[in-house]
Amino acid sequence: MPDDAPRLLSVEKIWDKGPHNAFTDLIRHRDRWWCTFRESEDHGYSYGTLRVLVSDDGQHWDSTGHVAEKGVDLRDPKLSIMPDGRMLLLSGATILGTDKEYLTRSPRVAFSDDGKSWTDPIRCLAEDHWLWRVTWHGEVGYSLSKIGEGGDPRRGFLYKTTDALDWQWITEFRPPDDIWNVSEATLRIMPDEEMIALIRPNWIGRSQPPYVNWSFTQLEVSLGGPNFIRVPDGTLWACARGQHNGKPETVLARMTATNYDTVLRLPSAGDCSYPGLVWHDELLWISYYSTHEEKTQIYLAKVDVS
């Protein structure tokens, strides 16, 4: 790692009660911490439910919400704050057969005023869609839906919304390779209104309003569960599942609109990553999951990137 690499200050396990605890997200809202993830029997097709934790200090965590749908695998939950102040929980929902085989999927949204009482999951978009993370900009939320379960090419469609229920199509992502393969993606909007997308497996995209025309840079690394944020000094910090000596791990990278440079490895191994990122008190706070300690558990790391 470079001499100016960020410093890992602490890593604490914050949840391990489910058989398999994975796919996190993290936000700070009303001076409290909120972390969400999926609880299930294993990583693959099983009946997953969504847990929401709350903390006043980032050290002591309590379960405050639990969202489930009978016969459905809810997974990859993402938290955000809507323009009206309500909390939004966005997830994928896979319909399973009697032998837990894949049948179909579509996105789900749930809403809460207090983080404790959540609406039942509400379906949006059509079958095979998976809205992976919503990023709000003013009154409008943006999300990329990945389409194409279990094979390549996977296609990505950019949508926008004002209420998280009605989604309007903007464009299709078409990276310039022979086989289009667009999967999980995090979108962020810069101060000059440019939208940047970090896309699994190995793309960075960029576009100016109205976000119809995109240019793409192919990365030399492979990403899983990608997330990134812009901190006050303008630096972009990304976190995802990467590879070290052929083995998966959760990594932090310094990023630009055309580059991704790994600078720190978090304690992790095996089934891992899918981070949530928050900038608070001059530190980068990272929720993630990993299997390096007995079972798949939820962790919270604090990193000094100065």
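Residues numbered from 1 in each chain as written. Predicted model: local features only at pLDDT ≥ 70, side-chain atom pairs only at ≥ 80, totals over all residues. Heavy atoms only, no water.

Enquirer: Quick rundown of the overall build of the protein? Include the residues and the values.
Expert: Of the regular secondary structure elements, the protein holds zero helices and 24 strands. Here the protein has a C-alpha radius of gyration of 18 Å; the compact-globule value for 306 residues is 19 Å, and the two agree. Its C-alpha atoms give the protein principal-axis dimensions of about 50 × 45 × 40 Å. In the protein, which comprises 306 residues, the proportion classed as buried is 58%. Of all intrachain contacts in the protein linking residues separated by at least 6 positions in sequence, the fraction that spans at least 24 positions is 47%. Of the roughly 12,900 Å² of accessible surface on the protein, 45% is carried by carbon and sulfur atoms. Of the charged side chains in the protein, 33 are positive and 45 negative, and the gap between their average positions amounts to 2 Å. (Helix = DSSP H or I, 4+ residues; strand = E, 2+ residues; numbered from the N terminus. Rg over C-alpha atoms; globule rule 2.2 N^0.38 Å. Buried < 20%, exposed > 50% of the residue type's maximum accessible area, 1.4 Å probe, protein only. Contact = heavy atoms within 4.5 Å. Areas by Shrake-Rupley, 256 points an atom, 1.4 Å probe, with all protein chains shown as cover. Lys, Arg positive; Asp, Glu negative; His and termini not counted. Charge placed at Lys NZ, Arg CZ, Asp CG, Glu CD.)

Enquirer: Tell me what's going on with empty space enclosed by the protein, and back it up with residues and numbers.
Expert: As enumerated under the stated definition, the model contains one cavity of 30 Å³ or more in all. Lining the largest cavity we find Leu 50, Val 67, Leu 74, Leu 89, Ser 91, Arg 108, Val 109, Ala 110 and Pro 121. Secondary structure elements with two or more residues in the lining of the largest cavity: β7 (87–96) and β8 (102–112). Counting residues per element, the lining of the largest cavity draws most heavily on β8, at three residues. (1 Å grid on protein atoms, 1.4 Å probe; cavity = no way out; pocket = protein on both sides within 12 Å on 5 of 7 lines; lining within 4 Å. Points joined across faces, edges and corners; volume = space filled by probe spheres on them.)

Enquirer: Explain the nonpolar core to me, using residue names and the numbers behind them.
Expert: In globular proteins that are soluble, nonpolar side chains generally tend to be buried together. Of all hydrophobic cores here, the largest spans 19 residues; its most connected members are Ile 14, Leu 26, Cys 35, Leu 53, Trp 61 and Ile 298. Of all the secondary structure elements, the ones that give two or more residues to this core are β1 (7–15), β2 (20–29), β3 (32–40), β22 (273–280), β23 (283–293) and β24 (295–304). Trp 61 has contacts with Ile 14, Leu 26, Trp 33, Trp 34, Cys 35, Leu 53, Val 54, Ser 55 and Leu 300, leaving out every residue within four places of it along the chain. (Core = buried A, V, L, I, M, F, W, Y, C linked by side-chain atoms within 4.5 Å.)

Enquirer: Outline unusual backbone geometry, supporting the account with residue identities and numerical values.
Expert: A cis amide bond links Arg 200 with the next residue in sequence, Pro 201, at an omega value of 10°. In this structure, Pro 201 sits in the loop between β15 (195–199) and β16 (203–207). Cis geometry is found at the peptide bond from Pro 209 to Pro 210, where omega equals 5°. Note that Pro 210 resides in the loop between β16 and β17 (215–218). Within the chain, Ser 273 stands out as a residue other than glycine whose phi angle is a positive 95°.

Enquirer: Go over the sheet that holds strand β14 (residues 185–189) with me, naming the residues and quoting the values.
Expert: If you walk across this open sheet you meet the four strands as β14-β15-β16-β17, and the pairing is antiparallel. Looking at strand neighbours, the two that pair on one side only are β14 and β17, the edges of this open sheet. The sheet shows a mean angle of 20° between the axes of neighbouring strands, direction not considered. Of the pairings in the sheet, the one linking β15 to β16 comprises five bridges and is antiparallel in character. Within the sheet, the bridge partner assigned to Ala 197 lies in β16 and is Gly 205. (Pairing = 2+ DSSP bridges. Axes fitted to C-alpha atoms, helices over the stretch in contact; angles between N-to-C directions.)

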